[in-house]
Amino acid sequence: MEAVLRVTDALKSFREARLSGLRPPQEFFDVSRISRPADMNQATSRISYNTRYFSGKSLTLAIFEQIINPLTNWLLLISLLFLVGGFTLINRFAPDATQFGEHTITQKHLYTGLFVIGIPMFWLASPFGTFFWLIGASGVLILGHASLLEPGVESDYANIQDQV
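First, a word on what this report is: a plain description of the structure on this page. Worth saying up front: this structure is predicted, and the values here are computed from it rather than measured.

### Description of the packing of helix H3 (residues 40-53) against helix H7 (residues 127-148)
The packing of two helices is summarised by the inter-axis angle and the distance between the axes.
Point 1. Interaxial distance between H3 and H7 falls to 7 Å at its minimum, and their mutual angle equals 115°. With respect to their mutual orientation, H3 and H7 come out roughly perpendicular. In the crossing of H3 with H7, the sense of the turn from one axis to the other is right-handed. Contact with H3, carried on its side by Arg-46, Ile-47, Asn-50 and Thr-51, involves Ile-142, Leu-143, Ala-146, Ser-147 and Leu-148 of H7 and no other residues of that element.
Point 2. Looking at the contact of H3 with H7 residue by residue, the classes come out as 5 nonpolar, 3 polar and 1 charged.

This is the structure:
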């Protein structure tokens, strides 16, 4: 019961800290402010400003990509479910040794079978490729958006407020 309260408190604090600062979607997808930066200095300043300004949206998009990716990589999803489900089932239903004729099957044998089947299946699912795809896709999406979107008028006044 205490764990449920901690999770609820963590979700409330996450909502207050991160999600309250989300900008409206109209501001994030403002097509009229999209333009190609003139040079690398302008692109760097845009990236610096926009990543701070849209940090909540960027985090939301990265989390959304992480949720969507296992749904598109079925072998990875099946192998993860197989391994996690196998651990759960072995711990729950086979804590003691079981006798089958002359053979005694222990938890150690079950874990060995789970690993012999699950680890190659997980390896074939290419978890490292998926991980680096997530990093690359998030980077291209976030940095591309940040470099192409012109900062709003309020960005000119943000420097003045920092100096005061």
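### Observations concerning the side chain of Arg-46
Point 1. Relative to the helices and strands, Arg-46 is located in helix H3.
Point 2. You can call Arg-46 buried: its relative accessible area is 3%.
Point 3. Only 3.4 Å separates the side chain of Arg-46 from the backbone oxygen of Leu-148, close enough to count as a polar contact.
Point 4. Excluding its chain neighbours within four sequence positions, the residues that come into contact with Arg-46 are Ser-35, Arg-36, Pro-37, Thr-51, Ala-146, Ser-147, Leu-148, Leu-149, Glu-150 and Pro-151.

### Thoughts on the environment of Ala-137
Point 1. Residue position: Ala-137 is located in helix H7.
Point 2. Sequence separation between Ala-137 and Ala-62 is 75 residues; the distance between their C-alpha atoms is 8.7 Å.

### Examining empty space enclosed by the protein
Point 1. Counted according to the given criterion, the structure contains 1 cavity of 30 Å³ or more.
Point 2. If you add up the space inside the largest cavity, you get close to 60 Å³.
Point 3. Lining the largest cavity we find Phe-28, Asn-50, Thr-51, Phe-54, Ser-58, Leu-61, Leu-141, Ile-142, His-145 and Ala-146.
Point 4. If you list the elements that add at least two residues to the lining of the largest cavity, you get H3, helix H4 (55-72) and H7.
Point 5. Here the lining of the largest cavity gets 4 residues from one element, more than from any other, and that element is H7.
Point 6. Here the lining of the largest cavity is built from residues that sort into 6 nonpolar, 4 polar and no charged.

### Looking at the packing of aromatic side chains
Point 1. Under the defined criterion, the tally for this structure stands at 6 aromatic pairs.
Point 2. Centre to centre, the rings of Tyr-49 and Tyr-53 are 5.4 Å apart; their planes meet at 15°, and the pair counts as stacked. With Tyr-49 and Tyr-53 both in helix H3 and 4 residues apart, the pair spans about one turn of that helix. In this pair, the class of Tyr-49 matches that of Tyr-53, namely buried.
Point 3. Here the aromatic rings of Tyr-53 and Phe-54 are separated by 4.9 Å at their centres, their planes lie at 85°, and the arrangement is edge-to-face. With respect to class, Tyr-53 is no different from Phe-54; both count as buried.

The rules behind the values
Residues numbered from 1 in each chain as written. Predicted model: local features only at pLDDT ≥ 70, side-chain atom pairs only at ≥ 80, totals over all residues. Heavy atoms only, no water. Axes fitted to C-alpha atoms, helices over the stretch in contact; angles between N-to-C directions. Helix = DSSP H or I, 4+ residues; strand = E, 2+ residues; numbered from the N terminus. Parallel < 35°, antiparallel > 145°, perpendicular 65-115°, else oblique. Left-handed = near helix turned anticlockwise from the far one by under 90°. Contact = heavy atoms within 4.5 Å. Nonpolar A, V, L, I, M, F, W, Y, C, P; charged D, E, K, R; others polar. Buried < 20%, exposed > 50% of the residue type's maximum accessible area, 1.4 Å probe, protein only. Polar contact = N/O pair within 3.5 Å; in protein donor to acceptor, adjacent residues only side chain to side chain. 1 Å grid on protein atoms, 1.4 Å probe; cavity = no way out; pocket = protein on both sides within 12 Å on 5 of 7 lines; lining within 4 Å. Points joined across faces, edges and corners; volume = space filled by probe spheres on them. Phe/Tyr/Trp six-rings, centres within 6.5 Å; stacked < 30°, edge-to-face > 60°.

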